[in-house]
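Coordinate analysis (summary)
In case you want the letters, here they are:
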Amino acid sequence: MEPSGVGLNKKAYFVCPGIGEPWTELPDVSPQQIRVARQIHKAFSGRLDTPIQTHPEFPGQERHLLRAQIARISSATLVAPLGFYTFGAEELGEGAEEEEEEVTVQRYY
């Protein structure tokens, strides 16, 4: 298992069951929990102490499954604001002209 602050456990996540309720820190996730979380489909009940009864057997409670799913989502997600990254600028030599491409963005509502 990776220690806190490293790899999948780099960030801490908190959950609050309702407005005005105290926040609870989710535990660190283990590689075994990630492996099993990929294989199961389970709806969350909202009660962190609920045991998870699935096949294959999940090693932990609902709080551990929630943390495993958050780790899976955050490791597979990349946010890149439009125009933040530029590519190809280093490849231009002296006297080379940059061609501007017109980009069309379609929005579906």
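A quick note: this is a predicted structure, and the numbers were derived from the prediction, not measured. (Residues numbered from 1 in each chain as written. Predicted model: local features only at pLDDT ≥ 70, side-chain atom pairs only at ≥ 80, totals over all residues. Heavy atoms only, no water.)

1. A closer look at the overall build of the chain
Here is the rule: To qualify as a helix, a DSSP run of H or I must reach at least 4 residues; to qualify as a strand, a run of E must reach at least 2; elements of each kind are numbered from the N terminus. Type-normalised accessible area, obtained with a 1.4 Å probe on protein chains alone, sets the label of each residue: buried when under 20%, exposed when over 50%, and partly exposed for intermediate values. By definition, residues are in contact when any of their heavy atoms lie within 4.5 Å. Only the protein chains shown count as cover for residues, with accessible areas throughout obtained via the Shrake-Rupley method and a probe of 1.4 Å.
A tally of helices and strands in the chain yields two helices and two strands. Counting every position in the chain, which comprises 109 residues, the buried fraction comes to 20%. A separation threshold of at least 6 residues defines the contact pool for the chain, and within that pool the share at least 24 residues apart is 43%. When the accessible area of the chain is evaluated, it comes to approximately 9200 Å², of which 52% is carbon and sulfur surface.

2. Brief notes about the nonpolar core
This is how it is decided: By nonpolar core we mean a set of buried residues, namely Ala, Val, Leu, Ile, Met, Phe, Trp, Tyr and Cys, connected to one another through side-chain atoms within 4.5 Å.
Judged by nonpolar contacts, Val-29, Ile-34, Val-36, Ala-37, Ile-40, Ile-52, Phe-58, Leu-65, Ala-68 and Ala-71 together constitute the single largest core of 10 residues. Going through the elements one at a time, helix 1 (31-39) and helix 2 (62-76) are the ones with two or more residues in this core. Beyond its immediate chain neighbours, meaning those up to four positions away, Val-29 contacts Met-1, Leu-8, Asn-9, Ile-34, Arg-67, Ala-68 and Ala-71.

3. Focus on helix 1
For an α-helix, 3.6 residues make a turn, and residues three or four places apart therefore share a direction. Burial in helix 1 covers these residues: Gln-33, Ile-34, Val-36 and Ala-37. At its buried positions, helix 1 is contacted by helix 2.

4. A closer look at unusual backbone geometry
With an omega of 5°, the peptide bond between His-55 and Pro-56 qualifies as cis. For Pro-56, the position within the fold is in the loop between helix 1 and helix 2.

5. Some thoughts on a nonpolar patch on the surface
The following threshold applies: Only residues whose relative accessible area exceeds 30% and that take part in no salt bridge are eligible for patches, with like-charged residues grouped when within 9 Å of each other and nonpolar side chains (Val, Leu, Ile, Met, Phe, Trp, Tyr) grouped when within 5 Å. Whenever a carboxyl oxygen of Asp or Glu lies within 4 Å of a side-chain nitrogen of Lys or Arg, that contact is scored as a salt bridge.
Where nonpolar side chains cluster on the molecular surface, the patch consists of Phe-84, Tyr-85 and Phe-87 and spans about 440 Å² of accessible area. Here Tyr-85 shows up in the segment after helix 2.

6. Things to note about the packing of helix 1 against helix 2
Two measures define how a pair of helices packs: the angle their axes make with one another and the distance between the axes. What counts, and what does not: Angles shown run from 0 to 180 degrees and are taken between the N-to-C directions of axes, each axis being a line fitted to C-alpha atoms and, for helices, limited to the stretch in contact. What sets the label is the angle itself: under 35 degrees gives roughly parallel, over 145 gives roughly antiparallel, 65 to 115 gives roughly perpendicular, and the rest give oblique. Throughout this entry, Asp, Glu, Lys and Arg are counted as charged residues, while Ala, Val, Leu, Ile, Met, Phe, Trp, Tyr, Cys and Pro are counted as nonpolar. The remaining residues, Gly among them, count as polar.
One can describe the packing of helix 1 onto helix 2 by two numbers: an axis separation of 9 Å at closest approach and a directional angle of 85°. The orientation of helix 1 with respect to helix 2, classified from their angle, is roughly perpendicular. Listed contacts from helix 2 to Gln-33, Ile-34, Ala-37 and Arg-38 of helix 1 are His-64, Leu-65, Ala-68, Gln-69, Ala-71 and Arg-72. In terms of residue class, the contact of helix 1 with helix 2 is made up of five nonpolar, three polar and two charged.

7. A closer look at the environment of Ser-4
Using the following cut-off: Identification of polar contacts relies on pairs of N or O atoms within 3.5 Å, with a donor-acceptor requirement for protein atoms, meaning one able to donate a hydrogen and the other able to accept it, and with residues adjacent in sequence counted only if both atoms are side-chain atoms.
You can see Ser-4 is positioned in the segment before strand 1 (14-15). On a C-alpha basis, the gap between Ser-4 and Asp-28 in space is 6.8 Å, while along the polypeptide they are 24 residues apart. With residues near it in sequence (within four places) discarded, Ser-4 still touches Asn-9 and Asp-28. Of the polar contacts made by the side chain of Ser-4, one reaches the side chain of Asp-28; its length is 2.4 Å.

8. Side note on the pattern of salt bridges
Summed over the entire model, instances satisfying the criterion amount to one salt bridge. Taking the shortest distance from any N to any O, the salt bridge between Asp-49 and Arg-63 comes out at 2.6 Å. Residue Asp-49 is located in the loop between helix 1 and helix 2, and its partner Arg-63 is located in helix 2; the two are separated by 14 residues in the primary sequence. On the accessibility criterion, Arg-63 (18% relative accessible area) is buried.

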